[in-house]
Amino acid sequence: MCLNPVIDKQDFEERFIGTADLESGDFDYIVVGAGSAGCPLAARLAKSGASVLLLEAGGEAHRSREVQMPKRMYGLWQSEVDWGFRSVPQEHLLPRGRVIDLERGKTLGGSSAINYNMWVRGAPEDYDRWAEEFGCSGWSYKEVLPHFKSIESLEGYDQRYRGDSGPVKVAQTFPPMEEVQDFMRACEATGAERNPDYNAAKLPGAGLTQFNTAQGGREDCFSAFIEPLLRWYPNLRVASETFCHKVVLEESEGQAPLGEVRATGVVLELRSGQIITVKCRHEVILSAGAVLTPQLLMLSGIGEKEHLKEHGIPCLRDLPVGQNMQDHPFVPSALLGHARTAEATGAQYRNSSGMNAHLFWQSDLDKKREKKLKRSLGADIQIIFVNRPDPSMGLKTGLFLAGQKLFGSLSPDYRSDYKLAASAVASLMRSLLKLQSVREAFTARFFSLTIVNNHNQSRGTVRLRSADPHEPPLIDPKHFSDPEDLEAFVQGYRRMMAVLKHDSMTKHMDPTGVVPLPSADGPQEEIENYILKNSQTTWHYSCTTPMGAVGDPKAVCDPEGRVQGVRNLRVCDAGLMPVILGGRLCRAPRGAT
Ligand SMILES: Cc1cc2nc3c(=O)[nH]c(=O)nc-3n(C[C@H](O)[C@H](O)[C@H](O)COP(=O)(O)OP(=O)(O)OC[C@H]3O[C@@H](n4cnc5c(N)ncnc54)[C@H](O)[C@@H]3O)c2cc1C
């Protein structure tokens, strides 16, 4: 349900590409999902000369102003370009049973059209781990590096690691402001090294954020990879507002190397409501993302036998689909600057999502894991310095935290109250933001230090709610179900407070913030309560259809994305990761292609 319409209806309709002739189409490949992975994959296949159909359930909002300006992204949540998922009640969060919003892009460009645009590959060690520990041949850092280089374009960096002529423009959006420099100084003064490029030889250290933005605007995957091709490659067809219900699987005869089940096409619902079947010659490739690809597989008869039986779906392949979900939770702080500074207005800020610098740091817990695994792991804790973003973020975060505190204590049935509270907060926010003075105050004064645990140990699930493709799946990230995750956050919290208390930070901000922060030296329980009350998602759902060595019972796909035991069916999206990356996840699905 769309609670927050932000894009003019006209905008979708004017840019609609159309779905005519799909049934009679003659395709080699069908790619389901025009997101971070689906777009570069479809482009690459089209360039090889194959005929490709790229399908997308969402419309064509990628050119709208709301999507193009990164600082407006907060307004896109719960809008027509967000699937609007919510988790099942989370028993390890506070208040117990809290439900969290799980935004996910629904438009050409997928989640790359609604994300923060941060360009972070993850640690080289992550990819080596995939190759060595999970049997994913072809995925070591040495092997994926040329792909990363080939998709990006930026100047003035070490060319051993970085690309200068790919389709995606990468940049630091503006010269660093004083407070951003001071954040990095505070990190250094409290024991971190300065790292001028976390996407090069190593991840740990303090550095400026890189964004994928072109002339300050969002560079979503559809605009970067598909639009430049449409005019020149008639073999590439795009159908938006086309919802895939399932993959058509047929029992094939003979002794095929990968078994006897074969994908031959997809069942689609068109914008008009008409249901059709479209066939292809070679492969169906699911790039619907780590939540909806598992749903599509299960609806098609691939998944855990018992679970499919509960929904009356005959099981064609018994595989652990949706069983290994991973995510990065994050815990924000809502801080206020002492005063509004002159630089707080103008072009510098226009196109920033505000996430301007990072500290990647390793907790003691992670060092212990390194010893146990006998391999280096990069860094588990990421502290993001957020300054002066779109005013709605300051308001939204402040009101969210304040609302949680208030409504959380009012009633034992927190969940129904929270729904009411969320809509009340949303409408209050919209009214307040109409006031220029409020907008300016929050643009100028809002800061946040946000902690992310990049080596989250908890595992969740994506399961069917019903056999109806329109019903969203049951998504249970099970945040904090592994006690090590809370311990990692406590260490990260103390590290964050050390930075915040350093002179170069205190001169800029009021450390008490919008919501008071527990003291780093106080009782551990207070810190834990703060973490569990305020934790949200970083939207990095992944590992739900993991790849692994052929025949590995924990793997759904082989290292080339082929669904085990099924012919002509592949997965190519964030669900393929065997273990979550210690970075931002938009890069990896693109690297996969
Ligand atoms: C708010 C937010 C902020 C984020 N910030 C960052 C960041 O700063 N940096 C970063 O690297 N990552 C970030 N991420 C994560 C990153 O965007 C995702 O991990 C990545 O885009 C996932 O790519 P994907 O191809 O797996 O899925 P998606 O990009 O989500 O693509 C899946 C596509 O499939 C379509 N689809 C799904 N089901 C169907 C169906 N049945 N029929 C037809 N089409 C279908 C969807 O509509 C969607 O367009 C963020 C994500 C969000 C939501």
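Residues numbered from 1 in each chain as written. Predicted model: local features only at pLDDT ≥ 70, side-chain atom pairs only at ≥ 80, totals over all residues.

- An unreviewed UniProt entry lists the protein chain under the name L-sorbose 1-dehydrogenase (SDH), with Cladocopium goreaui as the source organism.
- Of the protein chain, the UniProt comment under Cofactor (unreviewed entry) reads exactly: "FAD".
- Its UniProt record gives the protein chain the following Sequence similarities (unreviewed entry) comment, quoted word for word: "Belongs to the GMC oxidoreductase family." (UniProt positions renumbered as here; feature names shortened; annotations may be inferred.)

1. Thoughts on the overall build of the protein chain
Consideration 1: Along the protein chain, the regular secondary structure elements total 18 helices and 26 strands.
Consideration 2: Counting all 593 residues of the protein chain, 53% fall into the buried class. (Helix = DSSP H or I, 4+ residues; strand = E, 2+ residues; numbered from the N terminus. Buried ≥ 20, exposed ≤ 12 C-beta atoms within 10 Å, placed from the backbone.)

2. Some words on the UniProt feature "domain: Glucose-methanol-choline oxidoreductase N-terminal" (unreviewed entry) in the protein chain
Consideration 1: UniProt records the feature "domain: Glucose-methanol-choline oxidoreductase N-terminal" (unreviewed entry) for residues 105–128 and 289–303 in the present numbering.
Consideration 2: A helix fraction of 21% and a strand fraction of 0% characterise residues 105–128, whose end C-alpha atoms lie 29 Å from each other.
Consideration 3: From the first C-alpha to the last, residues 289–303 spans 16 Å; its make-up is 80% helix and 13% strand.

3. Some words on the pairing of strand 2 (residues 52–55)
Consideration 1: Neither face of strand 2 is left uncovered, since the one carrying Val52 and Leu54 and the one carrying Leu53 and Leu55 both have all their residues buried.
Consideration 2: Between the parallel elements strand 1 (residues 27–32) and strand 2, the chain passes through helix 2 (residues 38–47) in a crossover that is right-handed.
Consideration 3: Examined bridge by bridge, strand 2 and strand 10 (residues 236–239) share four bridges and lie parallel to one another. Each residue of the ladder has a partner; that of Leu55, found in strand 10, is Ala239. (Right-handed = clockwise from strand over helix to strand, strands pointing away. Pairing = 2+ DSSP bridges.)

4. Details of the pairing of strand 20 (residues 446–453)
Consideration 1: Most of strand 20 sits inside the fold, with eight of its eight residues counted as buried.
Consideration 2: Side-chain alternation along strand 20 places Phe446, Ser448, Thr450 and Val452 on one buried face and Phe447, Leu449, Ile451 and Asn453 on a second face that is also buried.
Consideration 3: The pairing of strand 16 (residues 329–332) with strand 20 spans three bridges and is antiparallel. Considered in strand 20, the bridge of Phe330 is made with Val452.
Consideration 4: As defined by bridge partners, strand 17 (residues 335–337) adjoins strand 20 across two bridges and the pair is classed as antiparallel. The residue of strand 20 that forms the bridge with Leu335 is Phe447.

5. Brief notes about the environment of Asp8
Consideration 1: Residue position: Asp8 is located in the segment before helix 1 (9–14).
Consideration 2: Considering only alpha carbons, one finds Asp8 and Ala61, 53 residues apart in sequence, at a separation of 9.3 Å.

6. Comments concerning the UniProt feature "binding site: FAD" (unreviewed entry) in the protein chain
Consideration 1: Look at the UniProt record and you will see "binding site: FAD" (unreviewed entry) annotated at Trp539 and His540.
Consideration 2: Locating Trp539 in the fold gives a position in the loop between strand 24 (536–537) and strand 25 (566–567).
Consideration 3: With respect to the secondary-structure elements, His540 resides in the loop between strand 24 and strand 25.

7. Some words on the nonpolar core
Burial of nonpolar side chains together is a common tendency in soluble globular proteins.
Consideration 1: Grouped together as the largest cluster of nonpolar side chains are 143 residues, with contacts concentrated most on Ile30, Val31, Val32, Ala42, Val52, Leu54 and Val284.
Consideration 2: By residue number, the principal contributor to this core is helix 15 (residues 483–501), which donates eight residues.
Consideration 3: Two domains each put at least three residues into this core: domain 1 (9–63 + 221–325 + 543–592) and domain 2 (328–459 + 484–538).
Consideration 4: In contact with Val32, not counting residues within four places along its chain, are Leu55, Cys244, Val266, Val284, Leu286, Ser287, Ala288 and Leu296. (Core = buried A, V, L, I, M, F, W, Y, C linked by C-beta atoms within 7 Å. Domains from an automatic or database assignment. Contact = placed C-beta atoms within 7 Å.)

8. Examining the domain arrangement of the protein chain
Consideration 1: Entries for the protein chain in the domain assignment read domain 1 (9–63 + 221–325 + 543–592) and domain 2 (328–459 + 484–538).
Consideration 2: On the side of domain 2, eight residues touch domain 1, which itself brings four residues to the contact.
Consideration 3: Residue classes in the side of domain 1 that touches domain 2 are distributed as two nonpolar, two polar and no charged. (Nonpolar A, V, L, I, M, F, W, Y, C, P; charged D, E, K, R; others polar.)

9. Topic: the packing of helix 2 against helix 7 (residues 221–230)
Consideration 1: Taken N-terminus to C-terminus, the directions of helix 2 and helix 7 make an angle of 20°; their axes are 8 Å apart at the nearest point. Looking at the two axes, helix 2 sits roughly parallel to helix 7. Crossing hand, helix 2 versus helix 7: left-handed. Here helix 2 contributes Cys39, Pro40, Ala42, Ala43 and Ala46 to the contact with helix 7, which in turn contributes Cys221, Phe222, Phe225, Ile226 and Leu229.
Consideration 2: When the residues that make up the contact of helix 2 with helix 7 are grouped by side-chain class, the tally is ten nonpolar, no polar and no charged. (Axes fitted to C-alpha atoms, helices over the stretch in contact; angles between N-to-C directions. Parallel < 35°, antiparallel > 145°, perpendicular 65-115°, else oblique. Left-handed = near helix turned anticlockwise from the far one by under 90°.)

10. Some thoughts on the environment of Met496
Consideration 1: Tracing the backbone shows Met496 in helix 15.
Consideration 2: When the 24 C-beta atoms within 10 Å are taken as the criterion, Met496 is described as buried.
Consideration 3: Through-space distance from the C-alpha of Met496 to that of Ile451 is 7.5 Å; in sequence the pair is 45 residues apart.

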